[in-house]
Amino acid sequence: MALIEVDNVVKIYNPGLADELTAVHAASLSIEAGEVAVLTGPSGSGKTSLLSLIGCMARPTSGRILVDGKDVVKLPERFLTNIRRQAFGFIFQQFHLIRELTVLENVLLPLFPLALGTRTMNERALSILERLKIDNKKHLQVKKLSGGEQQRVAIARALINKPRIIIADEPTAHLDRKLAQEFIDTLDQLNHEGKTIIIATHDPFVHDNPLVTRSIVMRDGQIERIDTK
Amino acid sequence: MTKHLKIIDYAVSSLLRRKFKNGAIMAAYIGTVAALASVLFLTRSLQTETTALLQGVPDLIVQRTLGGRHELIPVDYKAGMAGILGIGTITPRYWGYYYDALTKANYTLIGSGGETAPLTMLEGRLPQTPDECAVGAGVAALRHSGRSGQLILVDSRNTGVLFEVSGLFTSESDLLTNDLVVLTDRSLIDFFGYPPGLATDFAVSVPNSSEVQTVAAKIKKLFPDTRPITKRELVRTYDMVFNWRSGMMLTVFSAAVIALCIMAWDKATGISAEEKQEIGILKAIGWDTSDILALKFWEGLIISLTSFLTGVIVAYMHVFFFNASLLAAVLKGWSVLFPAFHLTPSFNSFHLLIMAFLTIIPYIASTVIPTWKTAITDPDSVMRG
């Protein structure tokens, strides 16, 4: 059984309004556990929308999405939050960190609603920060960090809940080649630890990387082809 | 519990991140609550002072009126009233008002013969000779004439009269004695130049309180040019005056409450793009809608409760430590405007609870409801703006 199955999914924004937009049209795909899948295509092709749907950040207008064999489309919000919290770690294009908070506070944020003890939370966060070599800046406000450092904080926050699936949207858009390589190396490590990784990108450095096992090419909201390596 | 402590922790840090915006909201909130609470404290305190004052008021005060105005009453009337059944004692009283140009203050001068219970609370003693007087703390402070000092007042013939201060009032109710100067009856009659055989009014005691109205009616029938005033009527009049004044002030300040509500609503409904994005981030990283509502609830509660309590403390200090300097002129009235006096702290918890309810609940609601509208949407839409 595939870890993620997308079955004939359609996503229409503002249905019935003048600015109605079909972002994803009849998309179907499956991703196995442990894969590194890349959604690629030109801007506006629907990569980010499909990524949001897979990550339970949005609901499709029609179709089914199965995570671990469970149809998540019709789940109540509370259950969807649980899936988002337990299964997925998100790395956004703009990082979406809270700039005035410190590195440590940002990384701890996903744990706040979990009623864990402060010590447990801090231990977990510090070990991830150490691993990503940003623990020396744990008390600095995020806005004082460089782009590469901010991305490492975003990765740390994505990993804090020990998710099985990492979702990254245009993760190298704001990085130079060296930092992009560091990011790819981090993903490689995570993949070797068993994490499934799904990336939306139009950066050839990412989608042509040997790390990638499945390439899903999109155009005008539709899946044009899927290449398996 | 741990979860809520973490959320409260985040709520505090979130408020601190927007400290200028939240500081402005809190300042407006505190100002409004302080103004409202000041009116409530002052009104309540004045009513308590008045109640204390009225404990020593006679059951009946009989004044003579002429053309609807208070006139001196012939002491001969006493003999005619003495025959009315139900009357205990009838005591002619001598008193009047004195404007002290030196301190620009109004004093109440009374003769020692007609006073009752409250004046027993005295340091020193009541005047016994025509050149002695006892004064309230306010008069003593204004004229720098403490016990064993001297007080010069100008009489009706425009002549300065020197009095030795034989006693100082330390009444529990400053309102009662603060502006008071007590002379002997003889001395007061001479001072004001009252014609012989006339008193300011009569203090009448009626041992059976249920007969007060009947006795008043009999006096009025026997002496149609008099006006008997019962203690109950006095209490009611004072209450009405203070309630009217406080009502007027509250009406004025209710405009401030409305302004606060509009501001709160505007603040809440106008969730900024930054706040919307933050909600989207929190949802994306695993916060539930209920967690976000709890966060906003705590933010609203922290702001409104802190502001409310601070406003109440500011009002308490304003009224009881600084003598309600911003409101006293309206609420106390001219006759007790000078000299200033210290109010005895007294407040009605029920009024405070109502005020808390009317300010805290709307603020929290206006914070949580619009957040709920944002929080129930998909994080994807929230983050796309």
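These numbers come from a predicted model, not from an experiment. (Residues numbered from 1 in each chain as written. Chains lettered and ligands numbered in written order. Predicted model: local features only at pLDDT ≥ 70, side-chain atom pairs only at ≥ 80, totals over all residues. Heavy atoms only, no water.)

**Q** Is there a simple way to think about the overall build of chain B in this case?
**A** Helix and strand counts for chain B come out as 13 helices and 14 strands. Looking at the 385 residues of chain B, the share that counts as buried comes to 51%. Accessible area for chain B stands at about 18200 Å²; split by element, carbon and sulfur atoms hold 64% of it. (Helix = DSSP H or I, 4+ residues; strand = E, 2+ residues; numbered from the N terminus. Buried < 20%, exposed > 50% of the residue type's maximum accessible area, 1.4 Å probe, protein only. Areas by Shrake-Rupley, 256 points an atom, 1.4 Å probe, with all protein chains shown as cover.)

**Q** Please clarify how helix α6 (residues 185-192) of chain B should be interpreted in this entry.
**A** Note that an α-helix has 3.6 residues per turn; residues three or four places apart therefore point the same way. Residues and elements named next belong to chain B. Taken across its eight residues, α6 has six buried, putting it largely inside the fold. For α6, the complete set of buried residues consists of D185, S187, L188, I189, F191 and F192. Where α6 is buried, its residues contact β5 (95-100), β6 (105-111), β9 (150-154), β10 (160-169) and β11 (180-183). Directly after α6, the chain includes G193, whose backbone phi takes a positive value near 70°. (Contact = heavy atoms within 4.5 Å.)

**Q** Looking at this structure, how should I read the packing of helix α9 (residues 273-284) of chain B against helix α10 (residues 289-320) of chain B?
**A** Helix-helix packing is described using two parameters, namely the angle between the two axes and the distance between the axes. Residue and element names in this part refer to chain B. Following both chains from N to C, one finds α9 and α10 inclined at 135°, their axes separated by 10 Å at the closest point. Overall, the two elements α9 and α10 adopt an arrangement that is oblique. The handedness of the crossing between α9 and α10 is right-handed. Counting all contacts with α9, which are made through E275, I279, L282 and K283, the residues of α10 involved are T289, I292, L295 and K296. Looking at the contact of α9 with α10 residue by residue, the classes come out as four nonpolar, one polar and three charged. (Axes fitted to C-alpha atoms, helices over the stretch in contact; angles between N-to-C directions. Parallel < 35°, antiparallel > 145°, perpendicular 65-115°, else oblique. Left-handed = near helix turned anticlockwise from the far one by under 90°. Nonpolar A, V, L, I, M, F, W, Y, C, P; charged D, E, K, R; others polar.)

**Q** Before we go on, may I ask you to explain the interface of chain B and chain A in this structure?
**A** Size of an interface, as often reported, equals the accessible area lost when the parts are brought together. With 23 residues of chain B at the interface, the matching set in chain A holds 29 residues. The interface formed by chain B and chain A contains two salt bridges. One salt bridge connects A:E77 with B:K283, and the closest N-O pair in it is separated by 2.9 Å. Here chain B is connected to chain A by seven residue pairs in polar contact (both at pLDDT 80 or more). Where the side of chain B that touches chain A is concerned, the elements lending two or more residues are α1 (2-17), α9, α10 and α13 (379-384) of chain B. (Salt bridge = Lys/Arg side-chain N within 4 Å of Asp/Glu carboxyl O. Polar contact = N/O pair within 3.5 Å; in protein donor to acceptor, adjacent residues only side chain to side chain.)

**Q** Teacher, can you tell me more about the pattern of salt bridges here?
**A** A side chain with one charge can pair with a side chain of the opposite charge if their charged atoms come near. For the coordinates displayed, the defined rule picks out 28 salt bridges over all chains. The partner of A:K137 in a salt bridge is A:E149, with the nearest N and O atoms 2.4 Å apart. Of this pair, A:K137 sits in the loop between α4 (118-131) and α5 (147-159) while A:E149 sits in helix α5, and the two are twelve residues apart along the sequence. Owing to a relative accessible area of 24%, A:K137 belongs among the partly exposed residues under this scheme. A:E149 sits in the buried class, given a relative accessible area of 14%. Through salt bridges with shared partners, one network takes in A:R59, A:E77, A:R84 and B:K283.

**Q** Whenever I open this one, a positive patch on the surface confuses me. Can you help?
**A** A cluster of like positive charges, contributed by A:R99, A:K143, A:K144 and B:K19, occupies part of the molecular surface. The topology assignment puts B:K19 in helix α2 (residues 19-55). Using a relative accessible area of 52% as the deciding quantity, one classes B:K19 as exposed. (Patch = residues over 30% accessible without salt bridge, like charges linked within 9 Å, V, L, I, M, F, W, Y side chains within 5 Å. Lys, Arg positive; Asp, Glu negative; His and termini not counted. Charge placed at Lys NZ, Arg CZ, Asp CG, Glu CD.)

**Q** Sorry, what's going on with the packing of aromatic side chains here?
**A** What describes a pair of aromatic rings is the distance from one ring centre to the other and the angle between the planes of the rings. Residue and element names in this part refer to chain B. Under the counting rule described, the total for this entry stands at 18 aromatic pairs over all chains. Ring geometry for F297 against W298: centres 5.3 Å apart, planes inclined by 75°, an arrangement best described as edge-to-face. Assessed through its relative accessible area of 22%, W298 is described here as partly exposed. (Phe/Tyr/Trp six-rings, centres within 6.5 Å; stacked < 30°, edge-to-face > 60°.)

**Q** Explain the confidence of the model for chain A to me, please; I cannot follow it from the model alone.
**A** Parts of the prediction with low pLDDT should not have their coordinates interpreted in detail. Summarising the model, chain A shows a mean pLDDT of 91, and 100% of its residues fall at 70 or more. Averaged over each element, pLDDT in chain A is lowest for helix α2 (residues 77-87) of chain A (87) and highest for strand β3 (residues 36-40) of chain A (95). (pLDDT = per-residue confidence, 0-100.)

**Q** Got a minute to help me understand the pairing of β3(A) in this structure?
**A** It is a general feature of regular strands that their side chains alternate between the two faces of the sheet. Residues and elements named next belong to chain A. The buried fraction of β3 amounts to five of the five residues, a majority that puts the element mostly inside the structure. Burial along β3 is two-sided: V36, V38 and T40 facing one way and A37 and L39 facing the other are all buried. Here β3 pairs with strand β8 (residues 196-200) via four bridges, running parallel. The residue bridging A37 from the neighbouring strand is I198, located in β8. (Pairing = 2+ DSSP bridges.)

**Q** Where do I start with the sheet that holds strand β1 (residues 4-13) of chain A in this structure?
**A** Sheet strands pair by backbone hydrogen bonding; their relative direction is either parallel or antiparallel. All names here are of chain A. Read from one edge to the other, the open sheet built from four strands follows the order β2-β1-β4-β5, with strand pairing classed as antiparallel. A strand with exactly one partner marks an edge of an open sheet, and here the two such strands are β2 (21-31) and β5 (70-71). Relative to β2, β1 is paired through seven bridges, and the arrangement is antiparallel. Its bridge partner being in β2, I4 is matched across the sheet by I31.

**Q** What's the story with helix α6 (residues 177-192) of chain A in this structure? I'm lost.
**A** All names here are of chain A. For α6, spanning 16 residues, the distance from its first C-alpha to its last is 22 Å, which sits close to the expected 22 Å at 1.5 Å a residue. Residues of α6 that are buried: A180, F183, I184, T186, L187, L190 and N191. All buried residues of α6 fall inside an arc of 160° around its axis, so they share one side. For α6, the exposed residues lying more than 90 degrees away from the buried face are K178 and H192. (Expected span 1.5 Å × (residues − 1). Arc of directions from axis to C-beta.)

**Q** I'm lost on the environment of B:L222 in this one. Help?
**A** Residues and elements named next belong to chain B. Structurally, L222 is set in helix α7 (residues 212-222). For L222, a relative accessible area of 46% translates into the label partly exposed. With residues near it in sequence (within four places) discarded, L222 still touches G80 and I84.

**Q** I would appreciate a short explanation of the pairing of strand β6 (residues 88-91) of chain A in the present structure.
**A** Residues and elements named next belong to chain A. Side-chain alternation along β6 places F88 and F90 on one buried face and G89 and I91 on a second face that is also buried. By the bridge criterion, four bridges tie β6 to strand β7 (residues 165-169) in an arrangement that is parallel. Within the sheet, the bridge partner assigned to G89 lies in β7 and is I166.

**Q** Would you mind going over the sheet that holds β6(A) with me for this structure?
**A** All names here are of chain A. Spatially, the six strands line up as an open sheet ordered β6-β7-β8-β3-β9-β10, and their pairing is mixed. Taken across any chain shown, the strands that pair with only one partner, and hence form the sheet edges, are β6 and β10 (222-228). Between one strand and the next, the sheet's axes are offset by a mean angle of 15°, whatever the strand orientation. Strand direction decides the pairing type here: β7 and β8, joined by five bridges, are parallel. Each bridged residue has a counterpart across the sheet, and for I166 the counterpart in β8 is I197. The strands touched by helix α1 (residues 47-54) are β3, β6, β7, β8, β9 (214-219) and β10; relative to β7, the strand with the most contacts, the crossing angle is about 155°.

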